Amino acid sequence: MRQHRTPRLLGTLLLVAAAGVSAVGAAPSAPDRTVTPLSRVVPAPASVDPGGSPYRITSGTRIRVSPSEEARRVGSYLAGVLRPSTGYRLPVTDEPGGDGIRLRLSRADTAGLGAEGYRLTSKKGAVTITARESAGLFHGVQTLRQLLPAAVEEDSRQPGPWPVAGGTVTDTPRYGWRGAMLDVSRHFFTVDQVKRYIDQLALYKINTLHLHLSDDQGWRIAIDSWPRLAPYGGSTAVGGGPGGHYTKAQYKDIVRYAASRHLQVVPEIDMPGHTNAALASYPELNCDGVAPPLYTGTEVGFSSLCVDKPVTYDFVDDVIRELAAITPGEYLHIGGDEAHSTSHEDYVAFMERVQPVVAKYGKTVVGWHQLTGAVPAKGALAQYWGLDGTGAAEKEQVAAAARNGTGLILSPADRVYLDMKYTADTPLGLSWAGLVEVRRSYDWDPAAYLPGAPASAVRGVEAPLWSETLTTSPDIEYMAFPRLPGVAELGWSPASTHDWDGYKVRLAAQAPRWDALGMNYYRSPQVPWPTGK
Ligand code: ACM
């Protein structure tokens, strides 16, 4: 399998060194390739104005960046993508003027682009990406990748040419929260596996990685003040395998890597339920003072922190303090789902005590939507994971909280839970929320989804991937692709672009890119894949 970007960069350096002399020599013979239309991008850009001559990357192309460290970082990232396949040197320079690939940070003509938007203009001689912030440049670079031939994603030298259609793309996101959740508790995924997924999420302008770090089956983050949590509570996984956990240094490495791809990390410690791994590690956290055995099954709803014990709140304070200290992002997720072994009164009391702890350490609360059964803290976000068929009373509880100021992240399980099987024959995944083919996952509107919730309460969408049945990167990819790009499009693209018939054609055009990147994916019969796929 292809490794994530770090080994690839190493390969890039070697290749560039080897190609130093020949890069300006004769290019390998060029197959006739059609130029990708500016509109054939996922997520669909907000505005496309095609026309004029195409741009072409050549052996003499320079990547010209604004004189800023952030712009240079995006330029270096782009060079890392383009060098292996083109074989060109593609020096990154902040010398002003001149043709080439230009990454411009500007305050002058970018007021409408916001923090994540960009404008891409392509014509003979130059392709220019302009943005207000480096995140916009980075997202513009993802668009540029998709406008180039799919072979650009290969990690060995490919025949050109490398054209980019002429015209202008002006693009800003619909929602600020475009998330993916990875459950590293039911099965543990290594730092490299997480980085690989981050690279794949970045392709589609996802900006939030929610890590589900604790559950009944495993505690996955080192906590110094409760040192048995990770080595003991994280020592196993669903099915009884060896488990694992992140040291703080490893967690920080993930956070840094995600930031380099313009994703924030939102860590989740699920409580008061889904806590068997913690309860097994420390007898004093149990109401009866007896630690249960470690758990490797897949039931839910049987564990609870002991809401009446003072030590429970010492534990919660320590964990949140240590986790907040290594998390630069604004949010900390406290779970709150499926607390079936906690009485309603206890649940409300627990959330009333715990939410202020998150605020005390400078973070904003996110909880699964059951949090709306308590009193969500001011500014808290609730993550809705119900189904079309969820009862009206439960939906109304969430909608009422939204009318009252609680922001919503939409993760309807029968739409965007990436661990749901596509069909009855899907070898991986679960089906408790139903079978979710690609069209079903794409074909809904976040703004209109929850009856009674104001559209302004919707902060965005997130695609959770629970890992009871998943153990490898190809497993992750098979469940995420091709559904994840559809969720990314729901989060990024204006509602006016929403159209399954157009989307499925743009989605199909991604497959050669996934092949070039060595990614696994489900060849859904709903998608008109290029011949041979
Ligand atoms: C969940 O799927 N229990 C949030």
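Residues numbered from 1 in each chain as written. Predicted model: local features only at pLDDT ≥ 70, side-chain atom pairs only at ≥ 80, totals over all residues. Heavy atoms only, no water.

## Some thoughts on the packing of helix α13 (residues 483-492) against helix α14 (residues 500-508)
Geometry of a packed helix pair, given as the angle between the helix axes and the separation of the axes.
Phase 1 of the analysis: Where α13 contacts α14, the two axes come as close as 11 Å, and the packing angle between them is 125°. As far as their axial angle goes, α14 and α13 are oblique. The handedness of the crossing between α13 and α14 comes out as right-handed. Residues Pro-485, Gly-486 and Glu-489 of α13 touch α14, and the partners they reach there are Tyr-503, Arg-506 and Leu-507.
Phase 2 of the analysis: Along the lines of polarity and charge, the residues of the contact of α13 with α14 split into three nonpolar, one polar and two charged. (Axes fitted to C-alpha atoms, helices over the stretch in contact; angles between N-to-C directions. Helix = DSSP H or I, 4+ residues; strand = E, 2+ residues; numbered from the N terminus. Parallel < 35°, antiparallel > 145°, perpendicular 65-115°, else oblique. Left-handed = near helix turned anticlockwise from the far one by under 90°. Contact = heavy atoms within 4.5 Å. Nonpolar A, V, L, I, M, F, W, Y, C, P; charged D, E, K, R; others polar.)

## A few points about the state of the cysteines
Phase 1 of the analysis: All chains considered together, the criterion is met by one disulfide.
Phase 2 of the analysis: One disulfide bridge connects Cys-287 with Cys-306, the sulfur atoms lying 2.0 Å from each other. Disulfide Cys-287 to Cys-306: torsion about the S-S bond roughly 100°, handedness right-handed. Linking Cys-287 in the loop between α6 (276-281) and α7 (310-325) with Cys-306 in the loop between α6 and α7, this pair joins segments that are 19 residues apart in sequence. (Disulfide = S-S within 2.5 Å.)

## Focus: the packing of aromatic side chains
Phase 1 of the analysis: Summed over all chains, the structure comprises 26 aromatic pairs.
Phase 2 of the analysis: Measuring from centroid to centroid gives 4.7 Å for Phe-188 and Tyr-246, while their planes differ by 45°, and the two rings are tilted. Of this pair, Phe-188 sits in the loop between β10 (177-183) and α4 (191-202) while Tyr-246 sits in the loop between β13 (218-219) and α5 (248-260), placing them 58 residues apart in sequence. Tyr-246 shares its class with Phe-188; the two are buried.
Phase 3 of the analysis: Aromatic pair Tyr-442 and Trp-500: ring centres 6.0 Å apart, planes at 50°, arrangement tilted. Of this pair, Tyr-442 sits in helix α11 (residues 438-442) while Trp-500 is found in helix α14, placing the two residues 58 residues apart along the sequence.
Phase 4 of the analysis: Take Tyr-442: its relative accessible area is 1%, and that puts it in the buried class. (Phe/Tyr/Trp six-rings, centres within 6.5 Å; stacked < 30°, edge-to-face > 60°. Buried < 20%, exposed > 50% of the residue type's maximum accessible area, 1.4 Å probe, protein only.)

## With respect to unusual backbone geometry
It is generally the case that most residues other than glycine have a negative phi and that most peptide bonds are trans.
Phase 1 of the analysis: Put simply, Gly-160 and Pro-161 share a cis peptide bond, and its omega is -5°.
Phase 2 of the analysis: Checked against the element boundaries, Pro-161 lands in the loop between α3 (134-147) and β8 (162-164).
Phase 3 of the analysis: With omega at 5°, the peptide bond leading from Met-271 into Pro-272 counts as cis.
Phase 4 of the analysis: Mapped onto the elements of the fold, Pro-272 is located in the loop between β14 (264-268) and α6.
Phase 5 of the analysis: The backbone of Leu-90 shows a phi angle near 50°, a positive value even though the residue is not glycine.
Phase 6 of the analysis: By the element assignment, Leu-90 lies in the loop between α2 (69-86) and β4 (92-93).
Phase 7 of the analysis: One non-glycine residue, Glu-338, lies in the positive phi region at around 45°.
Phase 8 of the analysis: Among the structural elements, Glu-338 can be located in the loop between β15 (331-333) and α8 (344-360).

## Section: the side chain of Glu-462
Phase 1 of the analysis: As for its placement among the helices and strands, Glu-462 is situated in strand β19 (residues 458-465).
Phase 2 of the analysis: At 2.9 Å, the side chain of Glu-462 and the side chain of Trp-177 are in polar contact.
Phase 3 of the analysis: Those residues in contact with Glu-462 that lie beyond four places of it in its chain are Trp-177, Gly-179, Ala-180, Met-181, Thr-208, His-210, Gln-383, Ile-409, Leu-410, Ser-411, Val-416 and Val-487. (Polar contact = N/O pair within 3.5 Å; in protein donor to acceptor, adjacent residues only side chain to side chain.)

## Considering the environment of Gly-329
Phase 1 of the analysis: Within the fold, Gly-329 resides in the loop between α7 and β15.
Phase 2 of the analysis: Judged by relative accessible area, Gly-329 falls into the buried class, the value being 15%.
Phase 3 of the analysis: Along the backbone, Gly-329 and Asn-207 are 122 residues apart, and their C-alpha atoms lie at a distance of 11 Å.

## A word on the confidence of the model for the protein chain
Phase 1 of the analysis: Per-chain confidence: the protein chain averages 94 in pLDDT, with 93% of residues scoring 70 or above.
Phase 2 of the analysis: Predicted confidence is poor over residues 1-32, with pLDDT under 50, and the contacts of this stretch with residues over four places away or in other chains come to 60 contacts. (pLDDT = per-residue confidence, 0-100.)

## Notes on helix α12 (residues 473-480)
Phase 1 of the analysis: With seven of eight residues buried, α12 lies mostly within the body of the structure.
Phase 2 of the analysis: Of all the residues in α12, the buried ones are Ser-473, Asp-475, Ile-476, Glu-477, Tyr-478, Met-479 and Ala-480.
Phase 3 of the analysis: The N-terminus of α12 is capped by Thr-472, whose side-chain oxygen sits 3.0 Å from the backbone nitrogen of Asp-475.

## A closer look at the pairing of strand β18 (residues 407-410)
Phase 1 of the analysis: Side chains of β18 alternate between two faces, with Gly-407 and Ile-409 and Leu-408 and Leu-410 buried alike.
Phase 2 of the analysis: Pairing of strand β17 (residues 381-384) with β18 involves four bridges; the strand directions are parallel. Residue pairing across strands places Tyr-384 opposite Leu-410, the latter belonging to β18.
Phase 3 of the analysis: As a crossover connection, the stretch from β17 through helix α9 (residues 392-403) into β18 is right-handed.
Phase 4 of the analysis: Bridging between β18 and β19 involves three bridges; their strand directions are parallel. Residue pairing in the sheet places Leu-410 in a bridge with Val-461 of β19. (Pairing = 2+ DSSP bridges. Right-handed = clockwise from strand over helix to strand, strands pointing away.)

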